[in-house]
Amino acid sequence: GTAGSLCEARAQGCSRCVRRGMLKMARASFLMVVLPLLAAALPSFTAAADPSFRIVGYIPEYRHWDSLERWDEVLTDLTDAILFSIEASPSGELRSLDRLPSPERLNGILKIAGERGTNVLVCLGGAGRSDGVAEAIADEASRNTLVRNLADLVESRGLQGVDVDFEASGHDLWGPLGLFLRGLKRELGSKLVTLAYHPGQEALLLEHSLLDAVDFVSNMAYDNLCHVPRTEPPCRHSTLEFAELIAGHVQRIGMDASKVLLGVPAYGRHVMTGEAKPYYEIAADGDVDADVHDGYYFNGLGTLRAKVDLARKAGLAGLMVWEVGQDVSSSTGRSLLSGLAEYVRTETSESPSQRRRRRRSRGKKEEL
């Protein structure tokens, strides 16, 4: 998930406050884990074949739409929708199940998803929602209880799997996390088990063989602001350059890139204060092909297309969007998700030579 405003004061005449706010941004969960990336040179990519491309989107409970037509619109453009999120008690019982759509509404959503070929998963954890998970997986009995309860939930609600957004601090928790994920995968069988992680945690994933325990992982490649690379404001988060650094690092350390999704934001952050603003507010009078509007940096359609190209070139599994409730309806003609999905569909249907010609043509138009 994303944090709120980094600093109550605005950029005017408050550079000291801005710097403090930027340095505080996700210090516990982000800055420490990206240090290995700071010294790494940007490596070149090895081109890889791409038979499929996932577009995964998180949908928090505070973004649920009243209209099934809106759900249909979103599910049409996603390969996987993740309902964010439930929690766990230290004993392994499930909490906050009321954050899921009602059984009746969920049945309607799942019917649409089935017609569109879209998987619907439940997310466990998240920022500020992972402490109970950390306690539960540390003990074998409660860990097994949590696995059984999640399997029962998936079966009873007709879901296609579980996503784990584990945002508890402590390197000693990664071993138990691996045991939990492997146990969950055994219990769910052909159902999906996925994991979200922060940039810089790749070595921990490899050390504990977590890629072998899940179907795919999502790199939360946003909110880096002035941390990577280390700069002073104005700062832009989730840039194409940052995505290139992450994709290169994944390849360089030997991760299975075909299981890694590149995270992209559906929101902007102010380049001076770091304050977050949902895309639907930016899109009200902003340019969807631009990346900056009124001081807020976001990923416009041009950058999203470039990240699709990057992901394919690096052999990544696709893109993950946090979170699609911040987008606008496709009926507006300004939807990031619809534009992203249309680009992926077009790229998939074309031959390599057709794709190269179209990209050259688009590049010439942009130069004009």
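Residues numbered from 1 in each chain as written. Predicted model: local features only at pLDDT ≥ 70, side-chain atom pairs only at ≥ 80, totals over all residues. Heavy atoms only, no water.

A. Layout of the packing of aromatic side chains. Under the definition given, this model contains six aromatic pairs. Look at Trp65 and Trp71: their rings are 5.0 Å apart centre to centre, the planes differ by 85°, and that puts the pair in the edge-to-face class. A relative accessible area of 1% means that Trp71 is categorised as buried. With a centroid separation of 5.8 Å and 45° between ring planes, the pair formed by Tyr279 and Phe298 is classed as tilted. A residue pair is termed long-range when its members are at least 10 positions apart, and Tyr279 in helix H10 (residues 279-282) and Phe298 in the loop between strand S12 (296-297) and helix H11 (301-313) qualify at 19 residues. (Phe/Tyr/Trp six-rings, centres within 6.5 Å; stacked < 30°, edge-to-face > 60°. Buried < 20%, exposed > 50% of the residue type's maximum accessible area, 1.4 Å probe, protein only. Helix = DSSP H or I, 4+ residues; strand = E, 2+ residues; numbered from the N terminus.)

B. How the structure looks around the packing of helix H9 (residues 240-252) against H11. One can describe the packing of H9 onto H11 by two numbers: an axis separation of 10 Å at closest approach and a directional angle of 15°. Judged by the inter-axis angle, H9 sits roughly parallel to H11. H11 is crossed by H9, and the crossing has right-handed handedness. When H9 is examined against H11, the residues Leu240, Ala243, Glu244 and Ala247 are found in contact with a partner set consisting of Ala306, Lys307 and Leu310. For the contact of H9 with H11, the class distribution of residues is five nonpolar, no polar and two charged. (Axes fitted to C-alpha atoms, helices over the stretch in contact; angles between N-to-C directions. Parallel < 35°, antiparallel > 145°, perpendicular 65-115°, else oblique. Left-handed = near helix turned anticlockwise from the far one by under 90°. Contact = heavy atoms within 4.5 Å. Nonpolar A, V, L, I, M, F, W, Y, C, P; charged D, E, K, R; others polar.)

C. Examining empty space enclosed by the protein more closely. As enumerated under the stated definition, the model contains two cavities of 30 Å³ or more in all. Taken as a whole, the largest cavity encloses approximately 80 Å³ of empty space. Surrounding the largest cavity, Val264, Pro265, Ala266, Leu304, Val321, Val324, Asp327, Leu336, Leu337 and Leu340 form its lining. Put simply, the parts of the chain that give the lining of the largest cavity at least two residues each are strand S8 (260-265) and helix H12 (336-349). No other element matches the three residues that H12 contributes to the lining of the largest cavity. Broken down by class, the residue content of the lining of the largest cavity amounts to nine nonpolar, no polar and one charged. In this structure, the second largest cavity occupies an estimated 40 Å³ of space. Lining the second largest cavity are Arg70, Glu73, Val74, Asp77, Val324, Asp327, Val328, Ser330, Ser335, Leu337 and Ser338. Where the lining of the second largest cavity is concerned, the elements lending two or more residues are helix H3 (68-77) and H12. For the lining of the second largest cavity, the element with the highest residue contribution is H3, accounting for four residues. (1 Å grid on protein atoms, 1.4 Å probe; cavity = no way out; pocket = protein on both sides within 12 Å on 5 of 7 lines; lining within 4 Å. Points joined across faces, edges and corners; volume = space filled by probe spheres on them.)

D. How the structure looks around the pattern of salt bridges. Counting across every chain of the model gives 12 salt bridges. Notably, a salt bridge pairs Arg63 with Glu323, separated by 2.6 Å at the nearest N-O pair. Remark: Glu323 occurs in the loop between strand S13 (318-322) and H12 and Arg63 occurs in the loop between strand S1 (54-60) and H3; sequence separation between them is 260 residues. One exposure class covers both Arg63 and Glu323, and it is buried. The salt bridge partner of Arg305 is Asp289, with a shortest N-O separation of 3.7 Å. Of this pair, Arg305 sits in helix H11 while Asp289 sits in the loop between H10 and strand S11 (292-293), and the two are 16 residues apart along the sequence. Connected via shared salt-bridge partners are Asp77, Glu342 and Arg345. (Salt bridge = Lys/Arg side-chain N within 4 Å of Asp/Glu carboxyl O.)

E. Geometry of the nonpolar core. Core analysis: the biggest nonpolar cluster contains 91 residues, and Leu146, Leu150, Phe166, Leu177, Phe180, Leu181 and Leu316 have the highest contact counts within it. Every residue in contact with Leu146, bar those within four places of it in the chain, is listed here: Ala88, Gly92, Leu94, Leu124, Ala136, Ile137 and Phe180. Ranked by size, the runner-up nonpolar core spans 16 residues in total, among them Val56, Leu121, Leu192 and Tyr222. (Core = buried A, V, L, I, M, F, W, Y, C linked by side-chain atoms within 4.5 Å.)

F. Just the confidence of the model for the protein, in detail. Predicted confidence across the protein gives a mean pLDDT of 85, with 80% of residues reaching 70 or more. Throughout residues 2-43 the model reports pLDDT below 50, and contacts reaching past four residues in sequence, or to other chains, amount to 78 contacts. pLDDT under 50 marks residues 46-51. Its contacts with residues more than four places away, or in other chains, come to nine contacts. (pLDDT = per-residue confidence, 0-100.)

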